[in-house]
Amino acid sequence: EGAAPEPAAAQPPTPPPLRILPRPPVRTPLREHVKTTVFEDIFRREKDAEAAAEVQRLEEQALAAAAERKAALPDMLRAAAKAGEAAKVLELLQEGAGINDVDANGWTALYTATVYGKEEAVKSLLGWTNPPAEVDKANNNGVTALMAAARDGYTQVVVQLLDRGADVQQVDEF
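Residues numbered from 1 in each chain as written. Predicted model: local features only at pLDDT ≥ 70, side-chain atom pairs only at ≥ 80, totals over all residues. Heavy atoms only, no water.

Draft legend 1. Focus on the overall build of the protein chain. The secondary structure content of the protein chain amounts to six helices and zero strands. Its helices and strands in sequence order give the protein chain the pattern α-α-α-α-α-α, from N to C terminus. By the burial criterion, 26% of the 174 residues in the protein chain qualify as buried. In the protein chain, once contacts between residues fewer than 6 apart in sequence are set aside, the share between residues at least 24 apart is 64%. (Helix = DSSP H or I, 4+ residues; strand = E, 2+ residues; numbered from the N terminus. Buried < 20%, exposed > 50% of the residue type's maximum accessible area, 1.4 Å probe, protein only. Contact = heavy atoms within 4.5 Å.)

The following block contains the structure:
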């Protein structure tokens, strides 16, 4: 009865709380392959998009250059006619230059070749049939190729124009 209270049993020290660490990814050959393939695919798609944009830019640039060239064809045709370059005249006609297109003065390629006495260029222009050159087309002053050839003494050009049916009755505005 008078016994002393029993001392409390010693409690073992409490361990620190457990920290749950994230589990490191399992590196398997399949997982690495999939990861690599995904990154390669993303990289390839970015490169493909860049390449497609470059192709688009180049196509637009080429179209703009082609449009500029097409707009310049009538002037190029008259320049070739003036220089007497018969082969270049035909090349430009095949490319789509309008044989009867005029400049600000109403000069066609035929009129230009005639004024400069370029017989071979005149022959090429008169030989073109799709569409044919309008032999009686007058410039802004009412002067036709036949009138200019006769005035300037280009006898062979006059003969070529007459052979193509140039109107000898047409008069200018002077």
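Alright, that's what it looks like, and here's the rest.
Draft legend 2. Focus on unusual backbone geometry. Note the cis peptide between Asn 130 and Pro 131, where omega equals -10°. Secondary-structure assignment places Pro 131 in the loop between helix H4 (119-127) and helix H5 (145-152).

Draft legend 3. Local environment of the pattern of salt bridges. Per the counting criterion, the structure on display carries seven salt bridges. Linking Arg 57 and Glu 54 is a salt bridge whose minimum nitrogen-to-oxygen distance equals 2.8 Å. Taken together, the positions of Arg 57 and Glu 54, both in helix H1 (residues 29-83) and three residues apart, correspond to about one turn of that helix. Assessed through its relative accessible area of 41%, Arg 57 is described here as partly exposed. As a salt-bridge pair, Lys 88 and Glu 91 come within 3.1 Å of each other at their nearest N and O atoms. Of this pair, Lys 88 and Glu 91 both sit in helix H2 (residues 86-95), three residues apart, which is roughly one turn of the helix. (Salt bridge = Lys/Arg side-chain N within 4 Å of Asp/Glu carboxyl O.)

Draft legend 4. Region of the structure containing the side chain of Thr 114. Structurally, Thr 114 is set in helix H3 (residues 109-115). Given the relative accessible area of 0%, Thr 114 is considered buried. Not counting chain neighbours up to four residues away, the residues in contact with Thr 114 comprise Val 122, Ala 145, Ala 148, Ala 149, Tyr 154, Val 157 and Leu 161.

Draft legend 5. Region of the structure containing H5. Every buried residue of H5 is accounted for by Ala 145, Leu 146, Met 147, Ala 148 and Ala 149. Residues of H5 that are buried make contact with H3 and helix H6 (155-163). Phi for Gly 153, located one or two positions after H5, is positive at around 80°.

Draft legend 6. Region of interest: the packing of H2 against H4. Their axes nearest at 8 Å, the elements H2 and H4 cross at an angle of 25°. One finds that H2 runs roughly parallel with respect to H4. For the pair H2 and H4, the crossing hand works out as right-handed. Contact residues: Ala 86, Val 89, Leu 90 and Leu 93 in H2; Glu 120, Ala 121, Ser 124 and Leu 125 in H4. Of the residues in the contact of H2 with H4, the class split is six nonpolar, one polar and one charged. (Axes fitted to C-alpha atoms, helices over the stretch in contact; angles between N-to-C directions. Parallel < 35°, antiparallel > 145°, perpendicular 65-115°, else oblique. Left-handed = near helix turned anticlockwise from the far one by under 90°. Nonpolar A, V, L, I, M, F, W, Y, C, P; charged D, E, K, R; others polar.)

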